[in-house]
Amino acid sequence: MKFKTFLAIYKNLIILVWWIVILIIFKVTTNFEFSHGNSLIFVFLMFALPLTLYIFGLVYKKKLLKAKALKKGPYIDKIKNDYKNKILQKEFSNNIKNLAFAIEQINDEVVLDNPHLLIVFQKERASLHLKETKIYYYYYYSLKVKEYCKYDKKLLQYNSTIYLYHLIIEKLNTLIEHPLNYIENKKNFWLVDSITSEVLYTNAKGPFKKKRSNQVKEINLLTDN
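Residues numbered from 1 in each chain as written. Predicted model: local features only at pLDDT ≥ 70, side-chain atom pairs only at ≥ 80, totals over all residues. Heavy atoms only, no water.

Undergrad: Quick question: what am I supposed to make of the packing of aromatic side chains here?
TA: With the rule as written, the count across this model stands at 13 aromatic pairs. Their ring planes at 55 degrees and their centres at 6.5 Å tell us that Tyr-140 and Tyr-148 sit as a pair that is tilted. Take Tyr-140: its relative accessible area is 1%, and that puts it in the buried class. The exposure class of Tyr-148 is partly exposed, given its relative accessible area of 40%. Joined through ring pairs, the aromatic side chains of Tyr-137, Tyr-151, Tyr-182, Phe-189 and Tyr-201 make up one cluster. The ring of Tyr-148 carries Lys-154 above its face, with NZ or CZ at 4.7 Å from the centroid. (Phe/Tyr/Trp six-rings, centres within 6.5 Å; stacked < 30°, edge-to-face > 60°. Buried < 20%, exposed > 50% of the residue type's maximum accessible area, 1.4 Å probe, protein only. Lys NZ or Arg CZ within 6 Å of the ring centre and 35° of its normal.)

See the structure below:
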């Protein structure tokens, strides 16, 4: 049990024990004959701790009720609460030191933006978009799933927001590991690691093949435009 929870639950008992101890001490030491300001000390000791615990109990109870309501509320509200309390900013800044994002809440969306990438937390899902490409990674925390493919994640509403952030951060760390090639033709597109030739995203069903019709764009996420 956490210390704060212990204080909140047993505050009345703690106050009763405190009063008994103070009464015994003053009975033994002064027999309740006050002089030289002893009465002020007695009043202070009798009411300072109880009043402090009472105020703490009210504040802590309000905090617990708010946390309980947030836990049962929409997933996007949890994300907005993380943004408000700087938790989201801390997770991304601490775990991706090579990427800087401008982070803000726009209406009901929380947006992380930089020259190459756009991350948007919406009501039903989060998305990671590689700008000037057709590359979108989706992270669904609603049962309403759209455009789902093998690169996406779903059922995230049963996990903490920190788990969601770490999934996105893990993908970002993969994308920044090496320079990338974005390849596109009339029908298909690919995101390829330029060093290992690993295909990181594609809408094509077959294996990647080099064609003259392919348009290639080199991308380094660690450089500014």
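Undergrad: Would you explain the pattern of salt bridges in this entry?
TA: When the charged atoms of two side chains with opposite charge come close together, those side chains can pair. Taken as a whole and assessed by the stated rule, the structure comprises 5 salt bridges. Residue Lys-217 pairs with Glu-132 through a salt bridge whose shortest N-O separation is 2.5 Å. A residue pair is termed long-range when its members are at least 10 positions apart, and Lys-217 in strand β9 (residues 215-219) and Glu-132 in the loop between β4 (125-130) and β5 (136-140) qualify at 85 residues. We classify Glu-132 as exposed; its relative accessible area is 62%. Between Lys-134 and Glu-184 there is a salt bridge, with the nearest N and O atoms lying 3.1 Å from each other. (Salt bridge = Lys/Arg side-chain N within 4 Å of Asp/Glu carboxyl O. Helix = DSSP H or I, 4+ residues; strand = E, 2+ residues; numbered from the N terminus.)

Undergrad: Explanation requested: the pairing of strand β7 (residues 189-193) in the structure shown.
TA: Most of β7 sits out of view: 5 of its 5 residues are buried. Side chains Phe-189, Leu-191 and Asp-193 of β7 all project onto a buried face; the interleaved residues Trp-190 and Val-192 project onto the opposite face, where all are buried too. Examined bridge by bridge, strand β6 (residues 180-184) and β7 share 5 bridges and lie antiparallel to one another. Bridge pairing in β7 places Leu-180 opposite Asp-193. Turn length for the β6-β7 hairpin, with the two strands adjacent in sequence and antiparallel, is 4 residues. Sheet topology note: the β7/strand β8 (residues 199-202) ladder contains 3 bridges and is antiparallel. (Pairing = 2+ DSSP bridges.)

Undergrad: I would appreciate a short explanation of the packing of helix α4 (residues 75-84) against helix α5 (residues 87-95) in the present structure.
TA: Helix-helix packing is described using two parameters, namely the angle between the two axes and the distance between the axes. At a minimum axis distance of 4 Å, the contact between α4 and α5 shows a crossing angle of 75 degrees. Relative to α5, the element α4 lies roughly perpendicular. Here α4 contributes Ile-79, Asp-82 and Tyr-83 to the contact with α5, which in turn contributes Ile-87, Leu-88 and Gln-89. (Axes fitted to C-alpha atoms, helices over the stretch in contact; angles between N-to-C directions. Parallel < 35°, antiparallel > 145°, perpendicular 65-115°, else oblique. Contact = heavy atoms within 4.5 Å.)

Undergrad: Looking at this structure, how should I read the packing of α4 against helix α6 (residues 161-175)?
TA: Contact geometry for α4 and α6: axes closest at 10 Å, N-to-C directions at 80 degrees. Put simply, α4 runs roughly perpendicular to α6. Residues Tyr-75, Lys-78, Ile-79 and Asp-82 of α4 touch α6, and the partners they reach there are Thr-161, Leu-164 and Tyr-165. Residue composition of the contact of α4 with α6, by class: 4 nonpolar, 1 polar and 2 charged. (Nonpolar A, V, L, I, M, F, W, Y, C, P; charged D, E, K, R; others polar.)

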